[in-house]
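Examination of the molecular architecture
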Amino acid sequence: MNIIVLIKQVPLSSDIGMDEETGVILRESGNTKMNPYDLYALETALRIREKAGGKISVLTMGPPQAEQVVREAYMMGADYGYLLTDRAFAGSDVLATSYALSQALTHIGIGDLIICGKQTTDGDTAQVGVECSEFLGIPCITNVKRIIDIQPDAVTIESDMGMTIEHARITYPCLIAVDKDIYQPRLPSYRKKKATALLPVEKITLNQLKDQNTTRYGLTGSPTQVIKIFPPSRTSTHEIWEGEHLGRRLFALLRDGKHLQENV
Amino acid sequence: MNPVTYKKIGAEDIENLNRIIPDRTRIHVGDAIHPDYQHDELHALTGVPEILIEPISANETAAVVKYAASNNIPITPRGQGTGLVGGAVCLHGGIMLSLQKMNRILELDEDNVILTVEPGVLLMEITEYLEHKMLFYPPDPGEKSATIGGNISTNAGGMRAVKYGVTRDFVRALEVVLPDGEIVTLGGKVAKNSSGYSLKDLIIGSEGTLGIVTKAFLRLLPLPGVVTSMLIPFPDLDSAIATVPKIMKARQIPTAVEFMQKEVITAAAEYLGRQFPDSSSSAYLLVSYDGPTREFVDLALDEAAEIALANGAIDAFYSDTPERQDAVWKTRGTFLEAIKASTTEMDECDVVVPRSEIAAFIKFCHGLQEQYGVRIMSFGHAGDGNLHIYALRDNLGDDDWLSKLHNVFEAMYQRAKQVGGKVSGEHGIGYAKKNFLEESEVPEISRLFSQIKKAFDPRNIMNPGKVAG
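The shown structure was predicted, so the numbers you read here are calculated from the model rather than taken from an experiment.

1. A short note on the overall build of chain A
Secondary structure assignment for chain A yields six helices and 13 strands. The principal-axis extent of the C-alpha atoms belonging to chain A is close to 70 × 50 × 40 Å. Out of the 264 residues belonging to chain A, those deemed buried represent 36%. Restricting to contacts in chain A with at least 6 residues of sequence separation, those with at least 24 account for 70%.

Shown next as structure tokens:
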């Protein structure tokens with residue numbers, strides 16, 4: 001079974017510098033990490049491989065230093081890694097990114113199962129996976145919270161669609177976007193770091209893609225124009241409660257916020 | 001000290017104390033005192049205060065102490081009541097003096113890098129206050145909702161003690177109300193001090209038996225830019241602990257070296273309702289480094305990993321992002337609560353032994369589990385030899401529990417003494433460990449303890465019945 005996991009390098013914390021004039025995130029060297037949601041995707045792939053065997057490839061798009069997240073994926077157990085990198089991709093929005101990734105997936109072979117995280121912590125759109133599947137013409141299920149079964153030709157999953165919990169059997173090739181906490185992601189291993197130090201990360205550039213029309217990529221291929229970018233404002237409020245029945249009141253608040261469920 | 005008969009608080013005393021504290025919301029008598037004030041986190045020991053007073057200044061504190069001294073009324077100072085040895089429990093009634101309302105951060109002196117606080121400020125409030133100023137107060141006891149006054153009273157330690165030391169190492173000066181009601185400042189905003197006996201250091205760790213801290217001047221350090229940990233699985237506890245001295249001899253000093261065993265991790269993960277990132281092994285070391293840059297810290301981590309692998313570690317895992325640190329350290333931070341939740345009652349042995357003795361000591365303690373039929377769980381600071389070993393009551397009956405607990409603790413403290421250990425690494429003596437302290441020290445030292453207590457508090461009104469009083 002061939003699994004491909006889409007991963008992305010994001011800023012280490014939400015406490016990042018940002019040039020509000022140019023809209024550019026000030027990325028410091030060494031101040032990045034793998035998108036936390038992608039850790040769940042990679043862990044899902046590793047668990048599936050433990051059961052069904054096969055190979056795991058990871059694919060990321062970004063500047064040359066994004067190789068670091070591929071190496072991190074190696075430290076968690078990925079077998080192959082690809083870095084889609086070309087100046088032509090700079091400034092890509094969701095559509096251009098998804099198109100570039102779908103082209104790269106076609107280049108390396110889409111395998112049986114493509115797994116991505118729910119969203120990224122920097123872009124937060126939760127659209128790249130879905131759009132990739134659209135460009136590839138393969139089925140896609142999002143909000144996957146549980147892998148129920150792995151069969152030779154299909155995967156059965158449980159998906160939390162907000163109002164409903166859906167069970168679905170989806171045949172390969174397909175794409176799933178997994179939820180946070182589907183599994184507890186393992187930590188990167190020092191032994192694997194040493195063992196994969198010489199394992200190459202294959203770079204893919206525009207001239208290797210089937211569609212080399214530059215108007216489909218980067219800024220020119222991006223219908224979205226960013227007018228302004230700024231860190232989200234942090235709001236926190238405090239309430240002080242006094243009086244009686246505070247326990248009940250607290251319970252009601254937690255229940256209404258769907259943090260607790262009432263046993264009926 | 002000789003037993004003292006204290007004066008019971010009467011209507012006249014209440015009237016007089018009300019004159020000192022005219023705000024009726026800060027003075028409570030009899031049944032109006034919440035039952036929480038009858039115990040600390042060691043629930044087995046209880047005592048009822050006759051009056052609870054919440055001063056808001058050193059002058060108020062001094063006036064109350066002066067009144068108590070001249071009327072032979074005992075005083076028990078108290079912070080958040082998160083202690084584990086009964087230190088903040090009134091054994092002889094009298095006045096409970098809660099410092100919780102003296103909770104202002106008074107000054108950040110950036111030139112001397114000293115933070116001045118009142119004793120009721122919580123540890124977590126200090127962390128929060130300093131975080132965005134790129135400074136930090138290194139002592140890091142697990143109980144973040146404890147007051148700084150309580151931390152000073154017990155000379156609290158915590159996980160970062162390996163690299164930075166304990167509370168005593170970060171207190172430059174203290175304002176103290178002495179048992180006769182006089183206010184003095186011990187130490188100063190100075191980096192060195194060889195001026196006579198260090199009374200400040202006697203007050204630290206004295207658990208409210210020598211005076212009441214009303215202001216603390218804390219030494220701060222620059223906030224390290226990067227803190228990263230490594231979770232290192234070993235096939236057994238012996239090989240994990242045997243690796244610690246080798247890691248300590250590496251080029252960089254770790255910030256923390258914790259040991260943990262599968263059974264405690266499982267209990268904590270269940271308590272939190274979440275999974276731990278690794279469950280492949282029965283024993284782990286959790287090693288942290290801090291430093292100015294990622295590269296600097298990575299070098300230290302890789303060196304520690306090499307040492308660990310050369311000494312039998314199964315692997316070494318990076319915990320290098322906020323999410324990973326949360327998954328690992330949140331579990332570690334829940335050990336005490338999880339163990340508590342797994343049983344009906346428990347008591348803790350907080351011994352500190354030489355690092356070289358940790359593995360043998362833990363093995364000895366777990367042997368007691370079989371020998372006495374009491375469930376025992378442990379975790380602790382492998383980097384500084386401070387262990388937390390818990391005897392768990394489960395379904396034992398009253399007499400059975402008390403006698404087994406006594407025997408088990410007796411055996412543990414005797415063993416600790418044999419290997420050059422001390423009764424308490426960071427929780428203090430309070431009431432619960434008083435006998436063990438006395439047994440562990442030679443008579444000359446016990447006598448010095450008593451004489452020091454007498455020199456400060458000849459009437460024995462300050463937290464009587466605790467430590468050496």
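2. Re the overall build of chain B
On a plain count of helices and strands, chain B comes out with 15 helices and 18 strands. Here chain B has a C-alpha radius of gyration of 23 Å; the compact-globule value for 469 residues is 23 Å, and the two agree. Counting only C-alpha atoms and orienting by the principal axes, one finds that chain B spans roughly 70 × 60 × 45 Å. The burial tally for chain B puts 51% of its 469 residues in the buried class.

3. Describing the packing of helix α7 (residues 237-248) of chain B against helix α12 (residues 358-372) of chain B
All names here are of chain B. Direction vectors running N to C along α7 and α12 enclose 150 degrees, while the axes themselves pass 8 Å from each other. Here α7 lies roughly antiparallel to α12, going by the angle between them. Only Ile358, Ala359 and Ile362 of α12 make contact with α7, whose side of the interface consists of Leu237, Asp238, Ile241 and Ala242. In the contact of α7 with α12, the residues fall into six nonpolar, no polar and one charged.

4. Topic: the interface of chain A and chain B
At the interface, 13 residues of chain A touch 19 residues of chain B. Its residues assigned to classes, the side of chain A that touches chain B shows six nonpolar, four polar and three charged.

5. Thoughts on the sheet that holds strand β12 (residues 226-234) of chain B
Residues and elements named next belong to chain B. An order of β15-β12-β14-β13-β17-β18-β16 is seen for the seven strands of this open sheet, with the pairing classed as antiparallel. Because the sheet does not close on itself, it has two edges, and the strands there are β15 (317-319) and β16 (346-349). Each strand of the sheet is rotated relative to its neighbour by a mean of 20 degrees, with strand direction disregarded. For strand β13 (residues 256-261) and strand β17 (residues 375-381), the ladder comprises two bridges, and the chain directions are antiparallel. Pairing of Phe259 across the sheet is with Gly380, part of β17. Relative to β12, helix α9 (residues 294-310) is tilted by about 15 degrees, and along the sheet it contacts β12, β14 (283-291) and β15.

6. Remarks on the sheet that holds strand β10 (residues 212-219) of chain B
Residues and elements named next belong to chain B. Taken together, the five strands give an open sheet; going across it, the order is β5-β6-β10-β8-β9, and neighbouring strands pair in antiparallel fashion. Each edge of the sheet is formed by a strand with only one pairing partner; in this case those strands are β5 (105-109) and β9 (183-187). Along the sheet, successive strands turn relative to each other by an average axial angle of 15 degrees, direction set aside. When strand β8 (residues 171-177) meets β10, the two strands line up antiparallel, connected through six bridges. From the neighbouring strand, Val176 faces β10, where its bridge partner is Val213.

7. Quick notes on the packing of α7(B) against α9(B)
All names here are of chain B. Two elements in contact, α7 and α9, have axes separated by 10 Å at closest approach and are oriented at 140 degrees. Viewed along their axes, α7 and α9 adopt a mutual orientation that is oblique. Considering only the axes of α7 and α9, their crossing is right-handed. Of the residues in α9, those touching α7 at Thr243, Lys246 and Ile247 are Ala304, Ile307 and Ala308. Among the residues making up the contact of α7 with α9, the classes are represented as four nonpolar, one polar and one charged.

8. What about the pairing of strand β12 (residues 174-178) of chain A?
Residue and element names in this part refer to chain A. Within β12, five of the five residues are buried, which leaves it mostly tucked inside the rest of the structure. The alternating pattern of β12 places Cys174, Ile176 and Val178 on one face and Leu175 and Ala177 on the opposite face, and all of these are buried. The sheet contact formed by strand β8 (residues 113-117) and β12 spans five bridges and is parallel. By the bridge assignment, Ile115 is partnered in β12 with Ile176. In this sheet, β12 lies alongside strand β9 (residues 140-150) in parallel orientation, the contact comprising three bridges. Looking at the pairing, Val144 lines up with Val178 of β12.

9. Focus on the environment of Leu186(B)
All names here are of chain B. Assignment of secondary structure puts Leu186 in strand β9. Counting along the chain gives ten residues from Leu186 to Val176, while the straight-line C-alpha distance between them is 7.4 Å. Apart from residues lying up to four places away in sequence, Leu186 is in contact with Ala173, Leu174, Val176, Leu199, Lys200 and Ile203.

10. Some points on the environment of Ser159(A)
Residue and element names in this part refer to chain A. Residue position: Ser159 is located in strand β10 (residues 154-160). Ser159 sits 57 residues away from Arg216 along the chain, and the two C-alpha atoms are 32 Å apart. Not counting residues up to four positions away in its chain, the partners in contact with Ser159 are Ile141, Thr142, Asn143, Val144, Lys145, Glu166 and Ala168.

11. Quick notes on the pairing of β8(B)
Residues and elements named next belong to chain B. Most of β8 is tucked away, with seven of its seven residues classed as buried. Of the strand pairs in this sheet, β8 and β9 are connected by five bridges, and their pairing is antiparallel. Across the sheet, Glu175 pairs through a bridge with Thr185, a residue of β9.

12. Let's talk about unusual backbone geometry
In the segment running from Tyr172(A) into Pro173(A), the intervening peptide bond is cis, with an omega of -10 degrees. Among the secondary structure elements, Pro173(A) is positioned in the loop between β11 (165-171) and β12. The phi torsion at Val113(B) lies on the positive side, around 50 degrees, for a residue other than glycine. The residue Val113(B) is located in the loop between β5 and β6 (114-117) in this model.

13. Re α7(B)
Over its twelve residues, α7(B) extends 17 Å from the first C-alpha to the last, a length consistent with the 16 Å expected when each residue adds 1.5 Å. Where the residues of α7(B) are buried, they touch β12, β13, β14, α9 and α12 of chain B.

14. What to know about helix α2 (residues 58-71) of chain B
Residues and elements named next belong to chain B. With 14 residues, α2 ought to run about 20 Å at 1.5 Å a step, and its terminal C-alpha atoms sit 20 Å apart, in line with that. What α2 keeps buried is the set Glu60, Thr61, Ala62, Val64, Val65, Ala68 and Ala69. Downstream of α2 by a residue or two, Asn72 has a phi angle that is positive, lying close to 60 degrees.

15. Considering the environment of Arg172(B)
All names here are of chain B. Mapped onto the elements, Arg172 comes out in strand β8. Residue Arg172 is classed as buried on the basis of its C-beta count, with 22 C-beta atoms lying within 10 Å. As a C-alpha pair, Arg172 and Gly208 span 36 residues in sequence and 18 Å in three-dimensional space. Those residues in contact with Arg172 that lie beyond four places of it in its chain are Ile114, Gly187, Gly188, Lys189, Val190, Phe217 and Arg219.

16. Considering the confidence of the model for chain B
On average, residues of chain B carry a pLDDT of 94, and 99% of them reach 70 or more. ipTM for the predicted complex: 0.83, alongside a pTM of 0.85.

Rules used throughout
- Residues numbered from 1 in each chain as written.
- Chains lettered and ligands numbered in written order.
- Predicted model: local features only at pLDDT ≥ 70, side-chain atom pairs only at ≥ 80, totals over all residues.
- Helix = DSSP H or I, 4+ residues; strand = E, 2+ residues; numbered from the N terminus.
- Buried ≥ 20, exposed ≤ 12 C-beta atoms within 10 Å, placed from the backbone.
- Contact = placed C-beta atoms within 7 Å.
- Rg over C-alpha atoms; globule rule 2.2 N^0.38 Å.
- Axes fitted to C-alpha atoms, helices over the stretch in contact; angles between N-to-C directions.
- Parallel < 35°, antiparallel > 145°, perpendicular 65-115°, else oblique.
- Nonpolar A, V, L, I, M, F, W, Y, C, P; charged D, E, K, R; others polar.
- Pairing = 2+ DSSP bridges.
- Left-handed = near helix turned anticlockwise from the far one by under 90°.
- Expected span 1.5 Å × (residues − 1).
- pLDDT = per-residue confidence, 0-100.

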